[in-house]
Amino acid sequence: MWETSARLLRLLSLLQTPRDWRGADLAEHLGVDIRTVRRDIQKLRDLGYPVHATPGAAGYRLGAGSKLPPLLLDDDEAVAVAVGLRTAVRGAVTGIEDSSLRALAKLDQVLPSRVRHRVGLLHSVTVAVPDGGPTVDPDVLAAIASACRDRQRLRFDYRRHDGSTSPRETEPHRLVHTGRRWYLVGWDTDRRDWRTYRADRVRPRIPGGPRFLPRTPPDVDLAGYLTRGVSSAPYRYRARITVYAPAEAVADRIPPTVGVVETVTGDSCMLHTGSNSLDELALYVGLLGFRFRIHEPAELTAHVRELATRLAQAGEGAPCGGPVRSPSTTETPAAG
């Protein structure tokens, strides 16, 4: 005979299958009498599980309640849920990446080794068609999410833009998803300041660091904080450009990690962006399809003038590609 706690879990597992259970069938599966089944059913109800009686057949089924009780999953179901969450974390369905990551972190913590092995095996032989953006290992995201939840310092190797790596130790605060990339916002213990890290460049070290007391975050609006930080701050050239189009229209063409768009009037907005290349900046704003005026940096103003002259000469059939003299006018052209 099952012990009481084990019997309740077994009973709950049976009731979670999509069918009506007669009391006699439940009693046979559990090795108890009908009266014991009735008492166990009432215990489950007291714990918040909505066990409904089937009229006329003296049967039982698990229904929907006002709150979500814990669920029991067998091995196959756990594998299916884990694989589905890993897919959702990669952004397959818009808007559920964050909640999928939290659920994946909770599930990963309690998976038996045999189930974790099956999930890893399935993941290793599955090929996804890339969408062109950087990918993050779900195991890395789960490790970061667990460190954020447990308030445990995260030690990791971080890959820089040039491919080199450096060891970091951070008090992780939150993971932020922009639609294409995952970022970690945390307090860098060596630099004594808040930092933003691309999760696809993070390689966690084991073991992690000690627990910590949470700090006041750098901004209540973490999404805005991250957008401002990654769109212009890290780059050599930080541009401020007026675009003569509604902010909504410009924002549709500017990913939040590329630039910040602020409304000026109903027909114009201010674009804050950055790059390490003047050519990249000039071509990017030139291909937006709107008129614009550059306020800073001064190097970009001169670069756009030179590029405009080169393009005009190419249109007239003149050879282009070498340095040319800038136009005599001192006014920045409004391109578009």
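Structure first, text after, so check above.
Everything quoted here is computed from the prediction, not taken from an experiment.

Along the chain, I206 connects to P207 via a cis peptide bond; the corresponding omega equals 5°. In this fold, P207 is placed in the loop between β8 (202-204) and α8 (222-231). Here the amide bond leading from E296 into P297 is cis, since omega sits at 5°, within 30 degrees of zero. Summarising the element assignment, P297 is placed in the loop between β12 (292-296) and α11 (298-315). The backbone of R151 sits at a positive phi, close to 55°, despite the residue not being glycine. Secondary-structure assignment places R151 in the loop between α7 (138-150) and β4 (154-159). Positioned with a positive phi, R192 is a non-glycine residue whose angle comes to about 55°. Looking at the element boundaries, R192 is found in the loop between β6 (182-188) and β7 (193-198).

Right, let's talk about the packing of aromatic side chains for a bit. Two measures describe an aromatic ring pair: the distance that separates the ring centres and the angle between the ring planes. Tallied over the entire structure, the rule returns 4 aromatic pairs. Ring centres of F156 and Y158 lie 6.2 Å apart, and the angle between their planes is 80°; this geometry places the pair in the edge-to-face category. Residue class for F156 comes out buried when judged on its relative accessible area of 0%. Ring geometry for W187 and W194: centres 5.9 Å apart, planes at 80°, overall edge-to-face. Residues W187 and W194 agree in their burial class; the two are buried. Cluster of aromatic residues (ring-pair linked, three or more members): F156, Y158 and Y197. Over the aromatic face of Y244 sits the side chain of R291, whose NZ or CZ is 4.6 Å from the ring centroid.

This part covers the sheet that holds strand β1 (residues 21-22). Across the sheet, 3 strands lie side by side as β1-β3-β2; this open sheet has antiparallel pairing. Only two strands of the sheet have a single partner each, and these edge strands are β1 and β2 (51-54). The sheet contact formed by β2 and strand β3 (residues 59-62) spans 4 bridges and is antiparallel. When the bridges of β3 are listed, A53 appears paired with Y60.

With that settled, consider the sheet that holds β7. In spatial order, the strands read β7-β6-β5-β4-β8; together these 5 strands make up an open sheet with antiparallel pairing. With one partner strand each, in any of the chains shown, β7 and β8 form the two edges of the open sheet. Ignoring strand direction, the axes of neighbouring strands in this sheet form an average angle of 50°. Two strands pair when backbone bridges link them, and β4 and strand β5 (residues 165-177) are joined in this way by 6 bridges, in the antiparallel orientation. Bridge pairing in β5 links F156 to R168.

In this section: the pattern of salt bridges. By the definition in use, this model includes 17 salt bridges. One salt bridge connects R118 with D76, and the closest N-O pair in it is separated by 2.8 Å. In this pair, R118 sits in helix α6 (residues 113-124) while D76 sits in helix α4 (residues 75-89), placing the two residues 42 residues apart along the sequence. On the basis of relative accessible area, R118 is assigned to the partly exposed category, the value being 37%. Measuring nitrogen to oxygen at the nearest pair gives 3.0 Å for the salt bridge that ties E169 to R153. Here E169, found in strand β5, pairs with R153, found in the loop between α7 and β4; they are 16 residues apart in sequence, far enough to count as distant. Classification of R153 by relative accessible area gives partly exposed; the value is 24%.

So, how was this worked out
Residues numbered from 1 in each chain as written. Predicted model: local features only at pLDDT ≥ 70, side-chain atom pairs only at ≥ 80, totals over all residues. Heavy atoms only, no water. Helix = DSSP H or I, 4+ residues; strand = E, 2+ residues; numbered from the N terminus. Phe/Tyr/Trp six-rings, centres within 6.5 Å; stacked < 30°, edge-to-face > 60°. Buried < 20%, exposed > 50% of the residue type's maximum accessible area, 1.4 Å probe, protein only. Lys NZ or Arg CZ within 6 Å of the ring centre and 35° of its normal. Pairing = 2+ DSSP bridges. Axes fitted to C-alpha atoms, helices over the stretch in contact; angles between N-to-C directions. Salt bridge = Lys/Arg side-chain N within 4 Å of Asp/Glu carboxyl O.

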